[in-house]
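A structural walkthrough
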Amino acid sequence: MKQIVFATNNPHKLDEIRAIVKGRLEVLSLADINLSGDIPETADTLAGNALQKARWVKEKTGLDCFADDTGLMVDALDGQPGVFSARYAGEHCSPADNVAKMLDEMKNETNRRARFVTVIALIEGNKETTFEGRVDGEILCQPDGDGGFGYDPIFKPEESTYSFAAMSSDEKNAISHRGRATRKFVEYILQKH
Ligand code: IMP
C-alpha cells in the first residue's frame, strides 16, 4: 500500500483521515517518522497555509506528504474567522475559547449561515497539487454534542438536524469539508499508483 506522511500535529485530523482512506492508503504521522517541531502556518489563505505545512515536511525529510488547512467562514462576520479560525479568540487560545467567542459574537444574529472549507496540499516528488472540500451549514445558538473537535459542537451542516459533534465519525466524514477534500485527494493519488 502506498505510504504518505500527513503534516499535522492534530490527532483528531489524523484519526479522521485514516478512517476515510482505510485499506487504500497508509497515512504516516509525524511521530511515525520521528519529526517534531512547530509547523509554520503564517500564510493568508488556506491553500497557502496547507502548502506551507507540506513544504516544511518535504524540506526536512524529502518524503512525499500532504497537509490540510481549514477555515470556518461565517456570513454575518464577513467570512471571518476564515484562515484565522485557530486563533480566533487570540494566540494560544483553546477550542473552547473559540467556541465561546463565536457564540458571543453571534448572540443577536439571525443570519447564521456559515461554511467549513478545507484545502489539502499534496507534494509528490516536486509536484504540488491542492484539493478543496466544503460544507455549508449554520452556527447553532448553543453547543450540541460532545464528539468531534474544534468548532464541531456549534456547526450544523445543512444535510443534518444536529451538529458535527453529535455525529458518529462516519457520519461526519461522509459530508464534512475534510471528508470531501480527502476523497478528491485519495482518488487522485490512487489513480497514479
Ligand atoms: P487548522 O486547519 O488546524 O488551522 O484549523 C483551523 C481551526 O479550525 C482550528 O481551530 C480547528 O480546531 C478548527 N477546525 C479544523 N477542522 C475542523 C473540523 O473538522 N471541525 C471543527 N473545527 C475544525
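Report follows, based on the coordinates. (Residues numbered from 1 in each chain as written. Predicted model: local features only at pLDDT ≥ 70, side-chain atom pairs only at ≥ 80, totals over all residues. Heavy atoms only, no water.)

Some thoughts on the nonpolar core
Our working definition: Throughout, nonpolar core names a set of buried Ala, Val, Leu, Ile, Met, Phe, Trp, Tyr and Cys residues whose side chains join them through atoms within 4.5 Å. For every residue, the accessible area obtained with a 1.4 Å probe (protein chains only) is divided by the maximum for its type, and the residue is called buried under 20%, exposed over 50%, and partly exposed between those limits. Comment: elements are numbered from the N terminus, with helices defined as DSSP H or I runs of at least four residues and strands as E runs of at least two. Whether two residues are in contact is decided by their heavy atoms: any pair within 4.5 Å suffices.
Of all hydrophobic cores here, the largest spans 18 residues; its most connected members are Leu72, Val74, Met102, Ile139 and Phe155. Residue assignment for this core shows that the elements contributing at least two residues are strand E3 (65-74), helix H3 (95-105), strand E5 (113-124) and strand E6 (127-139). With three residues, H3 is the single largest residue contributor to this core. Not counting residues up to four positions away in its chain, the partners in contact with isoleucine 139 are Leu72, Val74, Met102, Met106, Arg112, Ala114, Ile154 and Phe155. Ranked by size, the runner-up nonpolar core spans 16 residues in total, among them Leu25, Phe66, Ala181 and Phe185.

A few points about the environment of glutamine 80
When you line up the elements, glutamine 80 lands in the loop between E3 and strand E4 (81-82). Separated by 34 residues in sequence, glutamine 80 and alanine 114 have C-alpha atoms that sit 9.6 Å apart.

Considerations on the environment of glycine 145
By secondary structure assignment, the location of glycine 145 is in the loop between E6 and strand E7 (155-157). In this structure the C-alpha to C-alpha distance between glycine 145 and asparagine 10, which are 135 residues apart in sequence, comes to 20 Å. Discounting chain neighbours no more than four positions away, the residues touching glycine 145 are Pro153, Ala165 and Ala166.

Examining the site of the ligand
What counts here: Each residue is tested against the molecule or strand, and it is near if at least one of its non-hydrogen atoms lies within 4 Å. Any pair of nitrogen or oxygen atoms within 3.5 Å is treated as a polar contact; in protein, a donor-acceptor pairing is required on top of that, and neighbouring residues in sequence qualify only through side-chain atoms on both sides. Every accessible area reported is derived by Shrake-Rupley at a probe size of 1.4 Å, with residue values counting cover from the shown protein chains alone.
The ligand sits among 15 residues. The nearest are Lys13, Glu41, Asp152, Lys172 and Arg178. Separating an oxygen atom of the ligand from a side-chain N or O atom of lysine 13 is a distance of 2.7 Å. One nitrogen or oxygen atom from the side chain of aspartate 152 is found 2.6 Å from a nitrogen atom belonging to the ligand. Considering the ligand on its own, with 480 Å² of exposed area, one finds that the protein chains cover 91% of that surface. When residues of the shell around the ligand are traced back to their parent elements, those giving at least two are E3 and helix H5 (177-191).

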